[in-house]
Amino acid sequence: MIHSMSGGVIKDAGSYTFVKVRFDDDGIAWYITDFDVAEGDRVKAPRGIQNVGTPATAVKVEYNVNGQVAPVPLKRVKKLICKL
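What you see is a predicted model; the values in this text were computed from it and never measured.

Parameters at a glance
Residues numbered from 1 in each chain as written. Predicted model: local features only at pLDDT ≥ 70, side-chain atom pairs only at ≥ 80, totals over all residues. Heavy atoms only, no water. Phe/Tyr/Trp six-rings, centres within 6.5 Å; stacked < 30°, edge-to-face > 60°. Helix = DSSP H or I, 4+ residues; strand = E, 2+ residues; numbered from the N terminus. Buried < 20%, exposed > 50% of the residue type's maximum accessible area, 1.4 Å probe, protein only. Pairing = 2+ DSSP bridges. Core = buried A, V, L, I, M, F, W, Y, C linked by side-chain atoms within 4.5 Å. Contact = heavy atoms within 4.5 Å. Salt bridge = Lys/Arg side-chain N within 4 Å of Asp/Glu carboxyl O.

A. Representation of the packing of aromatic side chains. Under the counting rule described, the total for this entry stands at 3 aromatic pairs. For the pair F18 and W30, a centre-to-centre distance of 6.5 Å together with 70 degrees between the ring planes defines the contact as edge-to-face. Separated by 12 residues along the polypeptide, F18 in strand β3 (residues 15-23) and W30 in strand β4 (residues 28-33) bring together distant segments of the chain. Judged by its relative accessible area of 0%, F18 is buried.

Here it is, written out as structure tokens:
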């Protein structure tokens, strides 16, 4: 927990594992995951408004990322579906 200068406590944003994936059509997006993923792994990621499970390749994995410095806003990030 971080304390503010005025004596209050700043909300703990948590720690996440972020995965940057590349889709077969060269689209790129960030996701969070709760299972082990390594660079080069094939994963299924929700894509589009209907969250269609789409195969992709993990190109970057960042562990223990604080929610306050996340590569994308936590309100907008989606969760990976599974490893293929």
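B. Geometry of the pairing of strand β5 (residues 42-47). One ladder, built from 6 bridges, connects β5 with strand β6 (residues 52-66); its direction is antiparallel. In the strand pairing of β6, R47 is matched with V52. Connecting β5 to the antiparallel partner β6 that follows it, the hairpin turn spans 4 residues, and G48 within it adopts a positive phi of roughly 80 degrees. Of the pairings in the sheet, the one linking β5 to strand β8 (residues 82-83) comprises 2 bridges and is antiparallel in character.

C. Broad picture of the nonpolar core. Listed in full, the 11 residues of the largest apolar core are V19, V21, F23, Y31, V37, V43, A45, A56, A58, V61 and L80. Of all the secondary structure elements, the ones that give two or more residues to this core are β3, β5 and β6. If near-sequence neighbours (up to four positions away) are discounted, Y31 is found in contact with T17, F18, V19, V21, F23, A45, P46, R47, V77, K78, K79 and L80. Among the nonpolar cores identified, the runner-up in size contains 6 residues, and F18, W30, V65 and V77 belong to it.

D. Molecular detail of the pattern of salt bridges. Going through the model one piece at a time under the given rule, you end up with 5 salt bridges. D25 is the salt-bridge partner of R47, the closest N and O atoms lying 3.2 Å from each other. Taken as a pair, R47 in strand β5 and D25 in the loop between β3 and β4 lie far apart in primary sequence, 22 residues in all. Taking the shortest distance from any N to any O, the salt bridge between K60 and E62 comes out at 3.3 Å.

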